[in-house]
Amino acid sequence: MSMQPSSLAANAEILLHAGKDEMLKLCSELEMVVSCCEAKRDKLRETKELEQKWLEEKKQVLLAANDHIERLRVEKEKYSEHNILLETKAKIQKMKAYQEQLMESLGDILEKHVPLPQDESTASKKKKNIPLKISEDLVSLSKILEVLMDKVMNTPHDPYVTIDHTFWPPYVEMLLRYGIAVRHQENNFKIRLETFF
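Residues numbered from 1 in each chain as written. Predicted model: local features only at pLDDT ≥ 70, side-chain atom pairs only at ≥ 80, totals over all residues. Heavy atoms only, no water.

Under an unreviewed UniProt entry, the name given to the protein chain is Centromere protein K, and the source organism is Poecilia mexicana. Turning to the protein chain, the UniProt annotation filed under Sequence similarities (unreviewed entry) states: "Belongs to the CENP-K/MCM22 family." (UniProt positions renumbered as here; feature names shortened; annotations may be inferred.)

Below, the structure is given as structure tokens:
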């Protein structure tokens, strides 16, 4: 005799009870899934808030670092400009000291070898009976050179000096003849130092 599988209970009450148990079990499992998802969601939300806070802090740090870098860059530029300015001033001071030394040496040489004209007639002038009249206002050759150099340094756009009665004509002629000075093209009473470069 073969065994036949028993069929489901035909009683509706038993089916309802079994279905209800299955639904309750499923609801319980779904509630557990929902509870797990909510816990995960809360954890993710918390992680997101922490990461946003961390990102905000990093942005603030980055802004502070950029400000600091900019400040350092500006200070470096100022420092390098300040150093350049100090070095330039030191070079200018050295050049001025060197120029003064050269001017003193030039003055000594000119005083020794090209003295101011004396109010005496030379022997040849005495023979010709031409009195030599020397003005007391005449300036030395070194003073003329100093005036010419100062003019070039102070007003390079207008380096010409007007020749007046204090410039002894033989000195002016000597400066022109040896190429140390040149006349103005339109005014013969103005001279300037020749450009030596």
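> How do you make sense of a nonpolar patch on the surface when you look at a structure like this?
Nonpolar side chains collect at one region of the surface, where M23, L26 and L30 lie side by side and expose about 290 Å² of accessible area between them. Of note, L30 is situated in helix α1 (residues 12-113). (Patch = residues over 30% accessible without salt bridge, like charges linked within 9 Å, V, L, I, M, F, W, Y side chains within 5 Å. Areas by Shrake-Rupley, 256 points an atom, 1.4 Å probe, with all protein chains shown as cover. Salt bridge = Lys/Arg side-chain N within 4 Å of Asp/Glu carboxyl O. Helix = DSSP H or I, 4+ residues; strand = E, 2+ residues; numbered from the N terminus.)

> What am I meant to see in the packing of aromatic side chains here?
Aromatic ring pairs are described here by two measures, namely the spacing of the ring centres and the angle between the planes. Inspection of the entire model under this criterion finds one aromatic pair. Taken together, a centroid distance of 5.0 Å and an interplanar angle of 90° make the contact between W168 and Y171 edge-to-face. Taking the relative accessible area as the measure of exposure, W168 reaches 22% and is therefore partly exposed. The exposure class of Y171 is buried, given its relative accessible area of 4%. (Phe/Tyr/Trp six-rings, centres within 6.5 Å; stacked < 30°, edge-to-face > 60°. Buried < 20%, exposed > 50% of the residue type's maximum accessible area, 1.4 Å probe, protein only.)

> How do you make sense of the pairing of strand β3 (residues 190-193) when you look at a structure like this?
Regular strands show a simple pattern: their side chains alternate between the two faces of the sheet. By the bridge criterion, two bridges tie strand β1 (residues 161-162) to β3 in an arrangement that is antiparallel. Residue pairing in the sheet places T162 in a bridge with K190 of β3. Pairing between strand β2 (residues 181-183) and β3: three bridges, direction antiparallel. Bridging across to β3, V182 finds its partner in R192. Between β2 and β3, which pair antiparallel one after the other, the connecting turn spans six residues. (Pairing = 2+ DSSP bridges.)

> Please clarify how the sheet that holds β2 should be interpreted in this entry.
In a beta sheet, neighbouring strands are held together by backbone hydrogen bonds and run either parallel or antiparallel to one another. Reading across from one edge, β1-β3-β2 is the order of the three strands in this open sheet, with antiparallel pairing throughout. The sheet is open, and its two edges are formed by β1 and β2, each paired on a single side. Strands β1 and β3 of the sheet are contacted by helix α3 (residues 141-154), whose axis makes an angle of about 75° with β3. Contacts from helix α4 (residues 169-177) reach β2 and β3 within the one sheet, and its direction differs from that of β2 by about 100°. (Contact = heavy atoms within 4.5 Å. Axes fitted to C-alpha atoms, helices over the stretch in contact; angles between N-to-C directions.)

> In this structure, what is going on with α1? I would like to understand it.
Every α-helix carries 3.6 residues per turn, so stepping three or four residues along brings you back to the same face. In this model, α1 (102 residues) spans 146 Å end to end at C-alpha, consistent with the 152 Å of a helix rising 1.5 Å per residue. Regarding α1, the residues found buried are M103, G107 and L110. (Expected span 1.5 Å × (residues − 1).)

> What is the right way to look at the nonpolar core in this model?
Across soluble globular proteins, nonpolar side chains have a tendency to be buried as a group. The biggest cluster of nonpolar side chains holds 15 residues, and the ones touching the most others in it are L141, I144, L148, F167, V172, L175 and I191. Contributions of two or more residues to this core are made by α3, α4 and β3. Excluding residues that lie within four positions of it along the chain, F167 makes contacts with L138, I144, V147, V161 and V172. (Core = buried A, V, L, I, M, F, W, Y, C linked by side-chain atoms within 4.5 Å.)

> What am I meant to see in the side chain of R192 here?
By the element assignment, R192 lies in strand β3. Despite its burial, R192 remains without a salt bridge, the nearest opposite charge being carried by E194 at 4.1 Å. Separated by 3.2 Å, the side chains of R192 and Y160 make a polar contact. Excluding residues within four positions of it along the chain, R192 makes contact with L148, P159, Y160, I180, A181 and V182. (Lys, Arg positive; Asp, Glu negative; His and termini not counted. Polar contact = N/O pair within 3.5 Å; in protein donor to acceptor, adjacent residues only side chain to side chain.)

> I keep staring at the side chain of S142 and nothing clicks. Help me out?
Structurally, S142 can be placed in helix α3. On the accessibility criterion, S142 (19% relative accessible area) is buried. Side chain to side chain, S142 and S140 meet in a polar contact 3.0 Å long. In contact with S142, other than residues within four places in its own chain, are M103, G107 and L110.

> Please clarify how the pattern of salt bridges should be interpreted in this entry.
Any two side chains of opposite charge can pair, given that their charged atoms come close. Applying the stated criterion to the full structure yields three salt bridges. Here D42 and R41 are joined by a salt bridge, their closest N and O atoms 3.4 Å apart. For D42, a relative accessible area of 38% corresponds to the partly exposed category. Across the pair E70 and R73 runs a salt bridge whose closest N-O atoms are separated by 2.4 Å. Residue E70 and its partner R73 are both found in helix α1; the two are separated by three residues, about one turn of the helix.

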